[in-house]
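Notes for the structure review
Spelled out, the chains give:
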Amino acid sequence: MDKLFLVLTFFMGGIVLLSNYLVQFPIKFYGLDEILTYGAFSYPVAFLITDLANRKYGKLIAKKIVYFGFFWGVFLTLYFSTNFSDLISIRIAIGSGTAFITAQLIDVQVFDKLRKKKWFIAPLTSSLVGSTVDTFIFFSISFYGTVVNWLSLSLGDLTVKIFIALVMLVPFRILMSSIIDFSSFKKVIPN
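The following paragraphs examine the structure supplied in this document. Since the structure is predicted, the reported quantities are computational estimates derived from the model, not experimental observations.

Any space left empty among the atoms is revealed by the rolling of a water-sized probe across them. What the largest pocket holds in volume is close to 240 Å³. Every residue lining the largest pocket is counted, 14 residues in all, and those nearest its centre are Gln24, Pro26, Phe143, Val148 and Leu153. Looking at side-chain class alone, the lining of the largest pocket contains eight nonpolar, three polar and three charged residues.

Take a look at the structure:
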């Protein structure tokens with residue numbers, strides 16, 4: 001394992017923990033508390049991490065980062081932000097883990113299938129598909145049958161995640177060019 005692999009794995013776990021904590025807090029400005037949580041702003045970074053790993057190492061190593069990030073993130077979430085006397089908190093942990101592993105593995109597969117297209121096609125498409133899957137799995141497991149209006153929250157979160165997926169193309173391109181030796185990709189990936 002090299003240093004970048006460890007850094008990406010650490011950040012993946014940190015993003016999962018941060019997002020699981022922030023999703024518990026609706027945004028209480030401008031009447032957004034029924035449609036948006038703070039977790040929508042941090043979670044899309046997980047797709048950036050997965051896509052960078054996939055571009056740098058390929059899908060097998062990207063999956064390892066997803067698995068390490070998953071176990072690291074779930075462990076930290078259970079330890080730091082799960083209140084075991086609160087059913088919603090437990091459901092958030094279960095929903096997060098289920099949604100994360102499913103969406104991230106889908107992201108890895110979609111990215112890998114599109115990796116030879118223009119540089120932005122794979123990260124944008126895989127992030128959009130992964131974010132959609134993640135959002136609906138997470139919110140349905142975490143909040144279905146509760147007083148929380150999970151449908152409107154999921155649509156609000158997904159809207160922000162789509163916007164952030166677009167914005168994440170900028171750091172993806174910058175980081176991609178700084179961590180990847182393009183001399184090995186010139187024949188495979190057209191600019």
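Summarising the element assignment, Val66 is placed in helix α4 (residues 59–80). C-alpha of Val66 to C-alpha of Ala46: the two residues are 20 residues apart in sequence and 9.0 Å apart in space. Apart from residues lying up to four places away in sequence, Val66 is in contact with Thr50, Phe100, Ile101, Gln104, Leu105 and Val108.

Our focus in this paragraph is the pattern of salt bridges. For the structure on display, the rule yields three salt bridges. Among the ionic pairs, Asp112 bridges to Arg115, the shortest N-O distance being 3.1 Å. The salt bridge partner of Lys161 is Asp134, with a shortest N-O separation of 3.3 Å. Here the residue Lys161 occupies a position in helix α7 (residues 150–167), and Asp134 occupies one in helix α6 (residues 121–143), the gap between them amounting to 27 residues. Exposure class is identical for Lys161 and Asp134. Each is buried. Salt bridges sharing common partners tie together Lys59, Asp112 and Arg115.

Attention shifts here to unusual backbone geometry. Even without being a glycine, Tyr30 presents a positive backbone phi close to 55°. Tracing the chain through its elements places Tyr30 in the loop between α1 (3–22) and α2 (39–42). Take Tyr30: its relative accessible area is 81%, and that puts it in the exposed class.

Below, the discussion takes up empty space enclosed by the protein. For the structure shown, the criterion picks out two cavities of 30 Å³ or more. Of the volumes computed, that of the largest cavity is approximately 120 Å³. Together, 14 residues line the largest cavity, and Asn20, Tyr43, Asp134, Phe138 and Lys161 are the ones closest to its centre. Secondary-structure elements contributing two or more residues to the lining of the largest cavity are α1, α2, α5 (87–114), α6 and α7. Of the residues in the lining of the largest cavity, the class split is seven nonpolar, four polar and three charged. If you add up the space inside the second largest cavity, you get close to 80 Å³.

Calculation rules
Residues numbered from 1 in each chain as written. Predicted model: local features only at pLDDT ≥ 70, side-chain atom pairs only at ≥ 80, totals over all residues. Heavy atoms only, no water. 1 Å grid on protein atoms, 1.4 Å probe; cavity = no way out; pocket = protein on both sides within 12 Å on 5 of 7 lines; lining within 4 Å. Points joined across faces, edges and corners; volume = space filled by probe spheres on them. Nonpolar A, V, L, I, M, F, W, Y, C, P; charged D, E, K, R; others polar. Helix = DSSP H or I, 4+ residues; strand = E, 2+ residues; numbered from the N terminus. Contact = heavy atoms within 4.5 Å. Salt bridge = Lys/Arg side-chain N within 4 Å of Asp/Glu carboxyl O. Buried < 20%, exposed > 50% of the residue type's maximum accessible area, 1.4 Å probe, protein only.

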